[in-house]
Each structure stands twice: as structure tokens, then as C-alpha cells.
Amino acid sequence: MNKVEFIHGLNAPRGQFIDNISVNIRRNLPRLTTKRALVVGGGPSAGDHVDDIKAHQAKGWQVTAINGAHDWLMGRGITPDACVLMDSTETVSTFIKFPLDECRYYVASQCHPAMFDKLDGYDVCMWHAHLDDASNKYIEEHDAEGTILAGANTAGLHAIAINYMLGVRKMRVYGLDSSHRPSGDHAYDNSQQKPVDEIEFFFKGDRFLSTGTWAAQAEMFARFWRQYFKLGMQIEVIGDGLLPAMARHEKETLMAELKGS
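Small disclaimer: the values here were computed from a predicted structure and weren't measured.

K.L.:
Just to check I follow, could you spell out the environment of Ala155 for this structure?
P.N.:
Along the chain, Ala155 turns up in helix H6 (residues 155-165). The spatial distance from the C-alpha of Ala155 to the C-alpha of Ile66 is 6.6 Å, given a sequence separation of 89 residues.

K.L.:
For this particular structure, what's the right way to read the nonpolar core?
P.N.:
One recurring pattern in soluble globular proteins is that nonpolar side chains are buried together. Leu85, Tyr105, Trp127, Phe221 and Ile235 are the most contacted members of the largest nonpolar core, which totals 67 residues. Ranked by residues supplied to this core, first place goes to helix H7 (residues 212-230) with eight residues. Those residues in contact with Ile235, other than ones at most four positions away along the chain, are Ile160, Met171, Val173, Phe221, Trp225 and Tyr228.

K.L.:
Explain the packing of H7 against helix H8 (residues 242-260) to me, please; I cannot follow it from the model alone.
P.N.:
Each pair of packed helices gets described by two things: the angle between the helix axes and the distance between those axes. Running from N to C, H7 and H8 point in directions that differ by 30°, and their axes come no closer than 9 Å. For the element pair H7 / H8, the angle class is roughly parallel. Note that H7 runs across H8; the crossing there is right-handed. Here Ala215, Gln217, Ala218, Glu219, Phe221, Ala222, Trp225, Arg226 and Phe229 of H7 lie close against H8, whose contacting residues are Leu242, Leu243, Met246, Ala247, Glu250, Lys251, Thr253, Leu254, Met255, Glu257 and Leu258.

K.L.:
It is not clear to me how the pairing of strand S1 (residues 35-40) should be interpreted in this structure. Could you clarify?
P.N.:
Two faces make up the sheet, and in a regular strand the side chains alternate between them. Where S1 meets strand S7 (residues 168-174), six bridges bridge the pair, whose relative direction is parallel. The residue bridging Val40 from the neighbouring strand is Tyr174, located in S7. In this structure, S1 lies alongside strand S2 (residues 62-66), joined through four bridges in parallel fashion. From the neighbouring strand, Val40 faces S2, where its bridge partner is Ala65. In this fold, the crossover linking S1 to S2 by way of helix H2 (residues 50-58) has right-handed handedness.

K.L.:
Quick question: what am I supposed to make of the pairing of strand S3 (residues 82-85) here?
P.N.:
Here S3 shows two buried faces, one formed by Ala82 and Val84 and the other by Cys83 and Leu85. One ladder, built from three bridges, connects S2 with S3; its direction is parallel. Pairing of Thr64 across the sheet is with Ala82, part of S3. At this point the chain moves from S2, through helix H3 (residues 69-74), to the parallel S3, and the crossover so formed is right-handed.

K.L.:
Would you mind going over H8 with me for this structure?
P.N.:
Each α-helix winds once per 3.6 residues, and so residues spaced three or four apart point in a common direction. Taking 1.5 Å as the rise per residue, H8 with 19 residues should run 27 Å; its terminal C-alpha atoms sit 27 Å apart, in good agreement. Three or more residues of H8 are buried, namely Leu242, Leu243, Pro244, Ala245, Met246, Ala247, Glu250 and Leu254.

Rules used throughout
Residues numbered from 1 in each chain as written. Predicted model: local features only at pLDDT ≥ 70, side-chain atom pairs only at ≥ 80, totals over all residues. Heavy atoms only, no water. Helix = DSSP H or I, 4+ residues; strand = E, 2+ residues; numbered from the N terminus. Core = buried A, V, L, I, M, F, W, Y, C linked by side-chain atoms within 4.5 Å. Buried < 20%, exposed > 50% of the residue type's maximum accessible area, 1.4 Å probe, protein only. Contact = heavy atoms within 4.5 Å. Axes fitted to C-alpha atoms, helices over the stretch in contact; angles between N-to-C directions. Parallel < 35°, antiparallel > 145°, perpendicular 65-115°, else oblique. Left-handed = near helix turned anticlockwise from the far one by under 90°. Pairing = 2+ DSSP bridges. Right-handed = clockwise from strand over helix to strand, strands pointing away. Expected span 1.5 Å × (residues − 1).

Structural data, given as C-alpha cells:
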């Protein structure tokens, strides 16, 4: 069978397209835009990029805080538009000292009731995190309209999934380091949840101090980055640490694969 080649072209000179665009782009009309979000965790590198976060929020990017990054952002003049919480211990209620009327709180059903009590009267959206088959069955029996988000082990990864579900297709991630610095493991004081299983990890010759949970988060994110890319999501990871290193390597690997295909 002979291969058929289709010839296509423009229905007017290219210059006319540009002329039309130059006139119409100045019209005061709503734009079809891609939803954009900044996801900000509490990793130590977040403190290096406060001005960058402010600049992008000023350009219309929505800010999603993870856990204690909510109050940390507020202390730096940044008002979060959303906050994702999923910790089941009562400590989670200390993450939000100053709830905001203008912020939407995505609180996992597994969170301690003290968190829900603190946010009573505010804009709260409850969601379910996958735990195991028994818990999923219970949720399905008692909350048929609820959505269970699976495949992630941290609030940070779930924050990315929630933004994708909300239609976000451009994302910048800050403070999702999955590792410590000598000066501390968070941008803010997190002494009430000090990690106890600190381990040395090596990736591409670089040494990182992390935990089993955070290393798993970094590995999951690297896989998720590739999947999100295929779904049309652009995710840029800002900062240093184990997760950013693995994410950048995954991006370089995928770009090389696409270039060679």
C-alpha cells in the first residue's frame, strides 16, 4: 500500500495572521489560559526562593502550601490560596495557627479531628488517601461520593495530584527536597516531628541525608514526573536535595529518549 502524504497550508499569508493577532491581543477580553500553581513544601531549600514565589504569585500563579508551609509562607508575606494536610497525629493541628478565609484547605479524612475542629467554619474540602484494602472498603461503604487518591505516600505528592485534578497543567514545586541540610530538615521549626531514621543516600555520586519515607517520596516523584509529562503536565522542580536531583535526572533521561526516537 502506497503511503499517502497530506499537504496542508495557511488560508492567508502568514503576515496577516500576525497582523490580526497584534490587533486582537490588545482587546480587553477574557483569555483561555492554562491553570498554573506553585506547590510549596517545608524543605530547607524553600527559604532560598521566597522572592521567586512572590514574583510568580504576582503573575497569577496559585500557591498551594503543604502542612506547616502555610504559616511559614504567611510569615514571609505570601498568602496561600490552598493548603494540603494529611497527617493523622494531633501534631497536624499545630501546622495551621492562623487559618485564612481566602484559603481552601484540602484535608485528608485520616487527619486528626483536632485539625477539622480548628478549621471549622473555613473553606474545607475533604479527600481520602489510600491506606490499604480494608480502609478503602470502609470509605467506599460510608462515603460513596468520595474520591480515594492512590499511589502516593506524602502530602506533597498528593498536593500535586490534587492540583492536577483541579485542572492545573503548569506547576513549580518548591521545598520538596526529600533530604536535610546540616542546618535543619525544614525551612521552619519542625522539632515536634524530628525524624529518627536519618540515613545516607547516594544518587549519581552525590550524598544526601534523608529518611526512608522521604527517599521513597523522591523515587515516586521521579516516576510520577514522567507520567504527568505524558498527560500534558509541566512540572518544574526548584531547589536542591534528593528529590530535585532525581527529578532533573528523570527529565534529562526522558528528553534524551524523545530526541532519539
